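For reference, the chains in residue letters:
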Amino acid sequence: MSFSSGITGERRYQFGILSEVSQNEVRSKFDGCRLCWAISEEGQRHPANMIVHSTDEHVVVPALGSIIEGYVMLVSKRHRSSVATLNAEHAANVQKDIDSVLARLEKQPGSQGWVVFEHGTTLDCGLKACCVDHLHLHLLPVNMDLASALASQLSCEARRIEALQDLRQVREAGADNYIYVRNPDGKHYVLTPPAYSSQFVRQVLAEKTGKGDRWNWQHHPMEDDSIKTIRMFRNAGLTPRAIYYAHAIEQLPTAEVKAIVQKARTLMGSHCPQTTLFSMYEHLEQSLQELDLPEERLNAYLVETERKFIEASDLLIVDLSRPNWQYVGSLMEVVYAAEAKVPVIAIVGDSPIQGRRWLKAHVTRFAKTAEEAFTLAPSFLQKPQPSK
(Lines give C-alpha, C1' and ligand atoms only; values in the text may rest on other atoms or scores of the structure.)
Protein backbone atom coordinates (compact mmCIF):
# COMPACT_ATOMS: atom_id res chain seq x y z
CA MET A 1 0.00 0.00 0.00
CA SER A 2 1.44 3.37 -0.97
CA PHE A 3 0.29 6.80 0.08
CA SER A 4 0.62 10.25 -1.44
CA SER A 5 2.56 12.90 0.40
CA GLY A 6 -0.45 15.15 0.90
CA ILE A 7 -2.10 17.94 -1.04
CA THR A 8 -0.48 19.34 -4.14
CA GLY A 9 -1.55 22.42 -6.02
CA GLU A 10 -4.31 24.74 -4.90
CA ARG A 11 -6.32 23.63 -1.88
CA ARG A 12 -9.92 23.61 -2.99
CA TYR A 13 -13.23 22.40 -1.71
CA GLN A 14 -15.39 20.95 -4.43
CA PHE A 15 -18.90 20.86 -3.06
CA GLY A 16 -20.68 24.02 -4.15
CA ILE A 17 -21.46 27.50 -3.00
CA LEU A 18 -21.66 26.52 0.69
CA SER A 19 -17.92 25.89 0.67
CA GLU A 20 -17.22 29.25 -0.94
CA VAL A 21 -19.22 31.03 1.75
CA SER A 22 -17.62 29.00 4.55
CA GLN A 23 -14.07 29.67 3.34
CA ASN A 24 -14.76 33.39 3.28
CA GLU A 25 -16.15 33.30 6.82
CA VAL A 26 -13.23 31.22 8.10
CA ARG A 27 -10.71 33.69 6.72
CA SER A 28 -12.50 36.91 7.65
CA LYS A 29 -13.91 36.10 11.10
CA PHE A 30 -12.06 33.15 12.60
CA ASP A 31 -8.40 33.77 11.88
CA GLY A 32 -8.30 30.85 9.46
CA CYS A 33 -9.44 28.19 11.96
CA ARG A 34 -12.05 26.01 10.31
CA LEU A 35 -13.08 24.34 13.57
CA CYS A 36 -13.58 27.60 15.45
CA TRP A 37 -15.91 28.53 12.57
CA ALA A 38 -17.63 25.14 12.34
CA ILE A 39 -18.85 25.15 15.95
CA SER A 40 -19.77 28.85 15.95
CA GLU A 41 -23.17 30.38 15.24
CA GLU A 42 -22.02 31.08 11.69
CA GLY A 43 -20.80 27.54 11.17
CA GLN A 44 -24.03 26.05 12.49
CA ARG A 45 -25.88 27.65 9.57
CA HIS A 46 -24.20 24.95 7.46
CA PRO A 47 -25.80 21.51 7.90
CA ALA A 48 -22.59 19.50 7.62
CA ASN A 49 -21.34 21.12 10.86
CA MET A 50 -24.38 20.14 12.90
CA ILE A 51 -23.42 19.55 16.54
CA VAL A 52 -24.63 16.05 17.41
CA HIS A 53 -23.55 16.07 21.07
CA SER A 54 -22.27 18.65 23.53
CA THR A 55 -20.53 18.58 26.91
CA ASP A 56 -19.17 21.35 29.11
CA GLU A 57 -15.89 21.59 27.20
CA HIS A 58 -16.41 19.79 23.89
CA VAL A 59 -18.80 19.21 21.01
CA VAL A 60 -19.11 16.28 18.63
CA VAL A 61 -19.59 17.09 14.94
CA PRO A 62 -19.63 14.96 11.78
CA ALA A 63 -16.23 14.80 10.10
CA LEU A 64 -15.83 16.14 6.59
CA GLY A 65 -14.48 13.41 4.37
CA SER A 66 -16.64 10.86 6.15
CA ILE A 67 -15.01 7.69 4.86
CA ILE A 68 -17.47 5.65 6.94
CA GLU A 69 -20.92 6.33 8.38
CA GLY A 70 -20.57 7.47 11.99
CA TYR A 71 -17.22 9.23 11.56
CA VAL A 72 -17.21 12.20 13.95
CA MET A 73 -14.77 14.49 15.73
CA LEU A 74 -14.66 15.58 19.35
CA VAL A 75 -13.75 19.29 19.19
CA SER A 76 -12.84 21.64 22.03
CA LYS A 77 -15.25 24.57 22.44
CA ARG A 78 -12.29 26.85 23.13
CA HIS A 79 -9.41 27.02 20.70
CA ARG A 80 -6.87 24.72 22.32
CA SER A 81 -3.97 22.81 20.85
CA SER A 82 -3.41 19.05 20.92
CA VAL A 83 -4.05 16.88 23.97
CA ALA A 84 -0.32 16.68 24.74
CA THR A 85 -0.30 20.44 25.44
CA LEU A 86 -3.19 20.32 27.95
CA ASN A 87 -2.91 20.31 31.70
CA ALA A 88 -3.94 17.15 33.56
CA GLU A 89 -7.48 18.34 34.29
CA HIS A 90 -8.31 19.28 30.69
CA ALA A 91 -6.77 16.06 29.35
CA ALA A 92 -8.86 14.05 31.83
CA ASN A 93 -11.99 15.85 30.63
CA VAL A 94 -11.22 14.89 27.03
CA GLN A 95 -10.88 11.27 28.15
CA LYS A 96 -14.14 11.41 30.12
CA ASP A 97 -16.13 12.88 27.23
CA ILE A 98 -14.80 10.38 24.68
CA ASP A 99 -15.54 7.46 27.02
CA SER A 100 -19.07 8.75 27.59
CA VAL A 101 -19.85 9.06 23.88
CA LEU A 102 -18.35 5.69 22.98
CA ALA A 103 -20.20 3.94 25.82
CA ARG A 104 -23.48 4.94 24.15
CA LEU A 105 -22.40 4.21 20.60
CA GLU A 106 -20.90 0.81 21.36
CA LYS A 107 -24.31 -0.35 22.63
CA GLN A 108 -25.98 0.28 19.28
CA PRO A 109 -27.13 -2.76 17.27
CA GLY A 110 -24.44 -3.87 14.84
CA SER A 111 -21.63 -1.97 16.57
CA GLN A 112 -18.36 -3.91 16.20
CA GLY A 113 -15.90 -1.46 17.71
CA TRP A 114 -14.62 2.09 17.48
CA VAL A 115 -11.18 3.60 17.02
CA VAL A 116 -10.04 7.04 18.16
CA PHE A 117 -7.02 8.91 16.87
CA GLU A 118 -5.35 12.30 16.99
CA HIS A 119 -2.76 13.85 14.72
CA GLY A 120 -1.13 15.81 17.53
CA THR A 121 1.56 18.41 17.99
CA THR A 122 3.54 19.65 20.94
CA LEU A 123 4.64 22.81 19.13
CA ASP A 124 3.33 26.30 19.75
CA CYS A 125 4.70 27.54 16.41
CA GLY A 126 6.52 26.23 13.36
CA LEU A 127 5.60 23.40 10.96
CA LYS A 128 3.01 21.09 12.48
CA ALA A 129 1.85 17.70 11.29
CA CYS A 130 -1.81 18.33 12.13
CA CYS A 131 -3.54 20.20 9.32
CA VAL A 132 -6.02 22.00 11.64
CA ASP A 133 -4.40 23.37 14.80
CA HIS A 134 -7.48 23.17 17.02
CA LEU A 135 -7.95 20.31 19.46
CA HIS A 136 -9.95 17.55 17.77
CA LEU A 137 -9.95 13.77 18.03
CA HIS A 138 -11.39 11.47 15.38
CA LEU A 139 -13.88 8.73 16.33
CA LEU A 140 -14.76 6.04 13.74
CA PRO A 141 -16.74 2.78 13.88
CA VAL A 142 -13.94 0.57 12.56
CA ASN A 143 -12.97 -2.74 14.14
CA MET A 144 -9.23 -2.99 13.52
CA ASP A 145 -5.91 -2.88 15.34
CA LEU A 146 -5.16 0.63 14.14
CA ALA A 147 -2.10 1.06 16.35
CA SER A 148 -0.35 -1.97 14.84
CA ALA A 149 -1.32 -0.98 11.29
CA LEU A 150 0.21 2.46 11.75
CA ALA A 151 3.31 1.10 13.43
CA SER A 152 3.86 -1.23 10.49
CA GLN A 153 3.38 1.49 7.87
CA LEU A 154 5.58 3.99 9.70
CA SER A 155 8.23 1.50 10.88
CA CYS A 156 8.06 2.78 14.43
CA GLU A 157 6.83 1.59 17.82
CA ALA A 158 3.23 1.96 18.98
CA ARG A 159 4.00 2.59 22.65
CA ARG A 160 1.31 1.63 25.13
CA ILE A 161 0.07 4.35 27.49
CA GLU A 162 -2.58 4.14 30.18
CA ALA A 163 -4.74 7.12 29.21
CA LEU A 164 -4.86 10.36 27.22
CA GLN A 165 -3.32 12.23 30.14
CA ASP A 166 -0.06 10.38 29.46
CA LEU A 167 0.35 12.23 26.17
CA ARG A 168 1.91 15.08 28.14
CA GLN A 169 4.97 12.84 28.37
CA VAL A 170 5.43 13.21 24.61
CA ARG A 171 6.05 16.92 25.00
CA GLU A 172 8.35 16.36 27.95
CA ALA A 173 10.35 13.87 25.84
CA GLY A 174 10.91 16.53 23.16
CA ALA A 175 8.92 15.05 20.27
CA ASP A 176 7.39 17.67 17.98
CA ASN A 177 4.48 15.63 16.62
CA TYR A 178 2.72 12.40 17.49
CA ILE A 179 -0.16 10.11 16.59
CA TYR A 180 -2.45 8.97 19.38
CA VAL A 181 -4.61 5.85 18.92
CA ARG A 182 -7.30 4.16 21.00
CA ASN A 183 -8.02 0.68 19.65
CA PRO A 184 -11.50 -0.92 19.85
CA ASP A 185 -10.40 -2.88 22.95
CA GLY A 186 -9.94 0.42 24.80
CA LYS A 187 -6.13 0.30 24.93
CA HIS A 188 -4.21 3.52 24.26
CA TYR A 189 -1.06 3.98 22.16
CA VAL A 190 1.19 6.79 21.00
CA LEU A 191 3.50 6.81 17.98
CA THR A 192 6.21 9.40 17.40
CA PRO A 193 7.54 8.81 13.87
CA PRO A 194 10.08 11.37 12.61
CA ALA A 195 7.79 12.31 9.70
CA TYR A 196 4.56 11.29 8.06
CA SER A 197 2.32 12.68 5.36
CA SER A 198 -0.71 14.90 5.80
CA GLN A 199 -3.83 12.99 6.90
CA PHE A 200 -1.78 9.82 7.17
CA VAL A 201 -4.18 7.98 9.50
CA ARG A 202 -7.08 8.85 7.22
CA GLN A 203 -5.16 7.27 4.35
CA VAL A 204 -4.80 4.01 6.28
CA LEU A 205 -8.45 4.00 7.32
CA ALA A 206 -9.68 4.90 3.84
CA GLU A 207 -7.79 1.90 2.47
CA LYS A 208 -9.34 -0.31 5.16
CA THR A 209 -12.88 0.86 4.35
CA GLY A 210 -12.55 0.57 0.58
CA LYS A 211 -12.19 4.29 -0.13
CA GLY A 212 -8.45 4.41 -0.61
CA ASP A 213 -8.68 7.05 -3.32
CA ARG A 214 -10.89 9.38 -1.24
CA TRP A 215 -8.83 9.91 1.91
CA ASN A 216 -8.30 13.66 1.43
CA TRP A 217 -11.21 15.48 3.08
CA GLN A 218 -10.29 18.71 1.30
CA HIS A 219 -10.76 17.09 -2.11
CA HIS A 220 -13.47 14.58 -1.13
CA PRO A 221 -15.54 16.10 1.70
CA MET A 222 -18.39 13.58 1.17
CA GLU A 223 -20.64 16.11 2.87
CA ASP A 224 -23.83 14.17 2.15
CA ASP A 225 -22.58 11.30 4.31
CA SER A 226 -22.71 13.62 7.32
CA ILE A 227 -26.50 13.22 7.27
CA LYS A 228 -26.17 9.48 7.86
CA THR A 229 -23.90 10.18 10.81
CA ILE A 230 -26.39 12.67 12.29
CA ARG A 231 -29.11 10.04 12.01
CA MET A 232 -26.87 7.46 13.67
CA PHE A 233 -26.36 9.75 16.68
CA ARG A 234 -30.10 10.43 16.87
CA ASN A 235 -30.83 6.71 16.94
CA ALA A 236 -28.25 6.35 19.73
CA GLY A 237 -30.13 8.95 21.79
CA LEU A 238 -27.19 11.36 21.78
CA THR A 239 -28.84 13.91 19.46
CA PRO A 240 -32.42 15.19 19.68
CA ARG A 241 -34.87 14.40 16.91
CA ALA A 242 -35.45 17.30 14.52
CA ILE A 243 -38.48 18.83 12.81
CA TYR A 244 -38.06 21.11 9.84
CA TYR A 245 -40.84 23.71 9.87
CA ALA A 246 -41.69 25.27 6.50
CA HIS A 247 -44.08 28.16 5.96
CA ALA A 248 -44.62 31.30 3.91
CA ILE A 249 -41.95 33.98 4.43
CA GLU A 250 -41.79 36.21 1.38
CA GLN A 251 -43.71 39.49 1.49
CA LEU A 252 -44.51 39.05 5.18
CA PRO A 253 -43.43 41.50 7.92
CA THR A 254 -40.51 40.25 10.03
CA ALA A 255 -42.62 40.39 13.20
CA GLU A 256 -45.25 38.10 11.65
CA VAL A 257 -42.65 35.59 10.48
CA LYS A 258 -41.08 35.48 13.94
CA ALA A 259 -44.51 35.01 15.52
CA ILE A 260 -45.22 32.07 13.20
CA VAL A 261 -41.96 30.37 14.16
CA GLN A 262 -42.51 31.02 17.87
CA LYS A 263 -46.00 29.50 17.73
CA ALA A 264 -44.55 26.38 16.10
CA ARG A 265 -41.84 26.19 18.73
CA THR A 266 -44.41 26.47 21.52
CA LEU A 267 -46.55 23.70 20.02
CA MET A 268 -43.49 21.50 19.60
CA GLY A 269 -42.57 22.04 23.26
CA SER A 270 -46.06 20.88 24.28
CA HIS A 271 -46.30 17.79 22.09
CA CYS A 272 -42.72 16.65 21.43
CA PRO A 273 -40.25 18.16 23.92
CA GLN A 274 -36.51 17.44 23.60
CA THR A 275 -36.92 17.95 19.85
CA THR A 276 -35.04 20.48 17.70
CA LEU A 277 -36.99 22.81 15.41
CA PHE A 278 -35.22 23.88 12.21
CA SER A 279 -36.48 27.13 10.77
CA MET A 280 -34.84 28.36 7.60
CA TYR A 281 -35.71 31.92 8.52
CA GLU A 282 -33.81 31.64 11.80
CA HIS A 283 -30.84 29.89 10.20
CA LEU A 284 -30.40 32.21 7.26
CA GLU A 285 -31.80 35.59 8.29
CA GLN A 286 -28.37 36.91 9.27
CA SER A 287 -26.52 35.15 6.45
CA LEU A 288 -28.72 36.60 3.74
CA GLN A 289 -28.11 40.08 5.12
CA GLU A 290 -24.34 39.61 5.31
CA LEU A 291 -23.56 37.75 2.09
CA ASP A 292 -22.36 39.90 -0.75
CA LEU A 293 -23.43 37.66 -3.63
CA PRO A 294 -25.28 38.23 -6.91
CA GLU A 295 -28.94 37.27 -6.66
CA GLU A 296 -28.62 34.02 -8.61
CA ARG A 297 -25.81 32.82 -6.33
CA LEU A 298 -27.71 33.91 -3.25
CA ASN A 299 -30.65 31.86 -4.46
CA ALA A 300 -28.36 28.86 -5.02
CA TYR A 301 -26.95 29.26 -1.50
CA LEU A 302 -30.46 29.31 -0.06
CA VAL A 303 -31.56 26.18 -1.92
CA GLU A 304 -28.37 24.20 -1.23
CA THR A 305 -28.54 24.98 2.49
CA GLU A 306 -32.23 24.26 2.79
CA ARG A 307 -32.06 20.90 1.04
CA LYS A 308 -29.34 19.72 3.39
CA PHE A 309 -31.24 20.82 6.51
CA ILE A 310 -34.34 18.98 5.30
CA GLU A 311 -32.26 15.85 4.66
CA ALA A 312 -30.91 16.17 8.22
CA SER A 313 -34.43 16.27 9.69
CA ASP A 314 -36.70 13.48 10.88
CA LEU A 315 -39.94 15.18 9.84
CA LEU A 316 -41.11 18.10 7.71
CA ILE A 317 -44.14 20.06 8.88
CA VAL A 318 -45.26 22.47 6.18
CA ASP A 319 -48.00 25.07 6.55
CA LEU A 320 -50.00 25.44 3.33
CA SER A 321 -53.09 26.88 4.99
CA ARG A 322 -52.72 30.60 4.19
CA PRO A 323 -55.73 31.59 2.03
CA ASN A 324 -55.06 32.76 -1.53
CA TRP A 325 -51.30 32.35 -1.18
CA GLN A 326 -49.22 31.28 -4.15
CA TYR A 327 -46.96 28.66 -2.60
CA VAL A 328 -43.65 28.01 -4.35
CA GLY A 329 -40.88 27.54 -1.79
CA SER A 330 -42.99 25.45 0.57
CA LEU A 331 -44.03 23.10 -2.23
CA MET A 332 -40.39 22.68 -3.24
CA GLU A 333 -39.58 21.83 0.38
CA VAL A 334 -42.22 19.10 0.24
CA VAL A 335 -40.55 17.66 -2.86
CA TYR A 336 -37.07 17.84 -1.30
CA ALA A 337 -38.34 15.99 1.78
CA ALA A 338 -40.03 13.29 -0.29
CA GLU A 339 -36.85 12.77 -2.31
CA ALA A 340 -34.90 12.32 0.94
CA LYS A 341 -37.57 9.94 2.34
CA VAL A 342 -38.37 12.38 5.16
CA PRO A 343 -42.06 12.10 6.16
CA VAL A 344 -44.22 15.17 5.54
CA ILE A 345 -47.19 16.53 7.51
CA ALA A 346 -48.98 19.29 5.58
CA ILE A 347 -51.21 21.79 7.35
CA VAL A 348 -53.97 22.70 4.88
CA GLY A 349 -56.82 24.26 6.88
CA ASP A 350 -59.86 24.53 4.64
CA SER A 351 -57.84 24.89 1.46
CA PRO A 352 -58.79 22.65 -1.50
CA ILE A 353 -55.06 22.12 -2.11
CA GLN A 354 -55.35 18.89 -0.11
CA GLY A 355 -57.15 17.30 -3.06
CA ARG A 356 -54.35 17.87 -5.57
CA ARG A 357 -52.89 14.57 -6.73
CA TRP A 358 -49.28 15.78 -6.92
CA LEU A 359 -49.44 16.99 -3.33
CA LYS A 360 -51.09 13.80 -2.08
CA ALA A 361 -48.29 11.80 -3.72
CA HIS A 362 -45.66 13.64 -1.65
CA VAL A 363 -47.41 14.20 1.71
CA THR A 364 -47.51 11.52 4.41
CA ARG A 365 -50.34 13.03 6.49
CA PHE A 366 -52.62 16.06 6.22
CA ALA A 367 -53.68 18.18 9.19
CA LYS A 368 -56.23 20.96 9.51
CA THR A 369 -54.25 23.01 12.02
CA ALA A 370 -50.74 23.43 13.40
CA GLU A 371 -51.97 22.02 16.70
CA GLU A 372 -53.09 18.84 14.95
CA ALA A 373 -49.82 18.60 13.02
CA PHE A 374 -47.66 18.78 16.13
CA THR A 375 -49.98 16.34 17.90
CA LEU A 376 -49.26 13.86 15.10
CA ALA A 377 -45.51 14.55 15.13
CA PRO A 378 -44.42 12.21 17.98
CA SER A 379 -45.55 9.12 16.04
CA PHE A 380 -42.98 10.02 13.37
CA LEU A 381 -40.19 10.74 15.87
CA GLN A 382 -40.32 7.81 18.27
CA LYS A 383 -38.92 5.06 16.06
CA PRO A 384 -35.30 4.89 14.93
CA GLN A 385 -35.01 6.55 11.53
CA PRO A 386 -33.17 4.73 8.74
CA SER A 387 -30.04 6.17 7.18
CA LYS A 388 -30.83 7.90 3.93
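The name given to the protein in an unreviewed UniProt entry is HIT domain-containing protein, with the source organism recorded as Stigmatella ashevillensis.

Student: Mind showing me how you'd approach the overall build of the protein here?
Tutor: The secondary structure content of the protein amounts to 14 helices and 13 strands. Expressed along its principal axes, the backbone C-alpha trace of the protein runs to roughly 75 × 45 × 40 Å. Carbon and sulfur atoms provide 48% of the accessible area of the protein, an area that totals close to 17800 Å². Taken as two groups, the 42 positive and 46 negative side-chain charges of the protein have centres that lie 5 Å from each other.

Student: I tried to follow helix 10 (residues 295-311) on my own but got confused; where do I start?
Tutor: Compared with the 24 Å implied by 1.5 Å per residue over 17 residues, the 24 Å span of helix 10 between its first and last C-alpha is a close match. Restricting attention to buried positions, one finds in helix 10 the residues Leu298, Tyr301, Glu304, Thr305, Glu306, Lys308, Phe309 and Ile310.

Student: Any chance you could explain the sheet that holds strand 2 (residues 58-62) here in plain terms?
Tutor: Within a sheet, adjacent strands bond to each other through the backbone by hydrogen bonds, running parallel or antiparallel. With antiparallel pairing, 8 strands are arranged side by side in an open sheet as 1-2-3-5-4-7-8-6. The open sheet has two edge strands, strand 1 (53-54) and strand 6 (159-161), and neither has a second partner.

Student: Help me understand the pattern of salt bridges, please; the structure alone is not making it clear to me.
Tutor: A pair can form between side chains of opposite charge whenever their charged atoms are brought close. Going through the model one piece at a time under the given rule, you end up with 11 salt bridges. Its salt-bridge partner being Arg80, residue Glu57 comes within 3.5 Å of it at the nearest N-O pair. Of this pair, Glu57 sits in the loop between strand 1 and strand 2 while Arg80 sits in the loop between strand 3 (72-76) and helix 3 (88-105), placing them 23 residues apart in sequence. Note that Asp314 and Arg241 form a salt bridge whose closest N and O atoms lie 3.5 Å from each other. Separated by 73 residues along the polypeptide, Asp314 in the loop between helix 10 and strand 11 (315-319) and Arg241 in strand 9 (residues 241-246) bring together distant segments of the chain. In this structure, a network of salt bridges that share partners links the residues Arg231, Arg234, Arg241 and Asp314.

Student: Explain the sheet that holds strand 13 (residues 365-367) to me, please; I cannot follow it from the model alone.
Tutor: Strand order in the open sheet formed by 5 strands is 10-9-11-12-13, with parallel pairing between adjacent strands. The outermost strands of the open sheet, each flanked by one partner alone, are strand 10 (275-279) and strand 13. Pairwise comparison of adjacent strand axes, ignoring direction, gives a mean angle of 25 degrees for this sheet. For strand 12 (residues 344-347) and strand 13, the ladder comprises 3 bridges, and the chain directions are parallel. Paired with Ile347 across the strands is Ala367, a residue of strand 13. The sheet strands contacting helix 11 (residues 329-339) are strand 9, strand 11 and strand 12, and the helix crosses strand 11 at an angle near 160 degrees.

Student: Looking at this model, I keep getting lost on helix 8 (residues 254-271). Mind explaining?
Tutor: For an α-helix the count is 3.6 residues per turn, leaving residues at separations of three or four pointing the same way. Given a rise of 1.5 Å per residue, 18 residues ought to cover 26 Å, and the 26 Å separating the end C-alpha atoms of helix 8 matches this to within 8%. When helix 8 is considered as a whole, its buried residues turn out to be Val257, Ile260, Val261, Ala264, Leu267 and Met268. An end-on view of helix 8 places all buried positions within 120 degrees of arc, on one side of the element. Exposed residues lying more than 90 degrees from the buried face of helix 8 are Ala255, Lys263 and Ser270.

Student: I would appreciate a short explanation of the pairing of strand 4 (residues 115-121) in the present structure.
Tutor: Among the 7 residues of strand 4, 7 are classified as buried, and the element is accordingly described as predominantly covered. Neither face of strand 4 is left uncovered, since the one carrying Val115, Phe117, His119 and Thr121 and the one carrying Val116, Glu118 and Gly120 both have all their residues buried. Summarising the sheet, strand 4 and strand 5 (residues 136-140) pair through 3 bridges and their orientation is antiparallel. Bridged to Phe117 within strand 5 is His138.

Student: What exactly am I supposed to notice about the nonpolar core here?
Tutor: Side chains that are nonpolar tend, in soluble globular proteins, to be buried together. By size, the foremost hydrophobic cluster in this structure holds 88 residues, and its most contacted members are Val83, Val94, Leu137, Leu167, Ile243, Ile317 and Phe374. Leave out the neighbours within four places in its chain, and Val94 touches His58, Leu74, Val83, Leu86, Leu135, Leu137 and Leu164. One finds Val75, Met144, Val204 and Met222 within the second-largest nonpolar core, a separate group that totals 37 residues.

Student: What is the right way to read the pairing of strand 5 from this model?
Tutor: Walk down a regular strand and you will see the side chains alternate between the two sheet faces. The buried count for strand 5 comes to 5 of 5 residues, which makes it a mostly enclosed element. Burial of strand 5 is two-sided: the residues His136, His138 and Leu140 facing one way and the residues Leu137 and Leu139 facing the other way are all buried. Two elements, strand 3 and strand 5, share 4 bridges in a ladder whose sense is antiparallel. If you follow Val72 over to strand 5, its bridge partner there is Leu139.

Student: Would you explain unusual backbone geometry in this entry?
Tutor: Of all residues except glycine, most have a negative phi; of all peptide bonds, most are trans. One non-glycine residue, Gln199, lies in positive phi territory at about 55 degrees. In this model, Asn324 sits at a positive phi of 55 degrees, which is unusual for a non-glycine residue. The topology assignment puts Asn324 in the loop between strand 11 and helix 11.

Student: What's the story with the side chain of Glu25 in this structure? I'm lost.
Tutor: Its place among the elements puts Glu25 in helix 1 (residues 17-29). For the buried residue Glu25, which engages in no salt bridge, the nearest side chain bearing the opposite charge is Arg45, 4.2 Å off. If near-sequence neighbours (up to four positions away) are discounted, Glu25 is found in contact with Phe30, Trp37, Glu42, Arg45 and His46.

Student: How do you make sense of the packing of aromatic side chains when you look at a structure like this?
Tutor: Between two aromatic rings, the relevant description is the distance of the centres plus the angle of the planes. In the structure shown here, the tally under the stated rule is 2 aromatic pairs. On the numbers, 6.1 Å between centres and 45 degrees between planes, the contact of Tyr245 with Phe374 is tilted. Of the two residues, Tyr245 is situated in strand 9 and Phe374 in helix 13 (residues 370-376); the sequence distance between them amounts to 129 residues. Look at Phe374 and you get buried, because its relative accessible area is 0%.

Rules behind the numbers
- Residues numbered from 1 in each chain as written.
- Predicted model: local features only at pLDDT ≥ 70, side-chain atom pairs only at ≥ 80, totals over all residues.
- Heavy atoms only, no water.
- Helix = DSSP H or I, 4+ residues; strand = E, 2+ residues; numbered from the N terminus.
- Areas by Shrake-Rupley, 256 points an atom, 1.4 Å probe, with all protein chains shown as cover.
- Lys, Arg positive; Asp, Glu negative; His and termini not counted.
- Charge placed at Lys NZ, Arg CZ, Asp CG, Glu CD.
- Expected span 1.5 Å × (residues − 1).
- Buried < 20%, exposed > 50% of the residue type's maximum accessible area, 1.4 Å probe, protein only.
- Pairing = 2+ DSSP bridges.
- Salt bridge = Lys/Arg side-chain N within 4 Å of Asp/Glu carboxyl O.
- Axes fitted to C-alpha atoms, helices over the stretch in contact; angles between N-to-C directions.
- Contact = heavy atoms within 4.5 Å.
- Arc of directions from axis to C-beta.
- Core = buried A, V, L, I, M, F, W, Y, C linked by side-chain atoms within 4.5 Å.
- Phe/Tyr/Trp six-rings, centres within 6.5 Å; stacked < 30°, edge-to-face > 60°.

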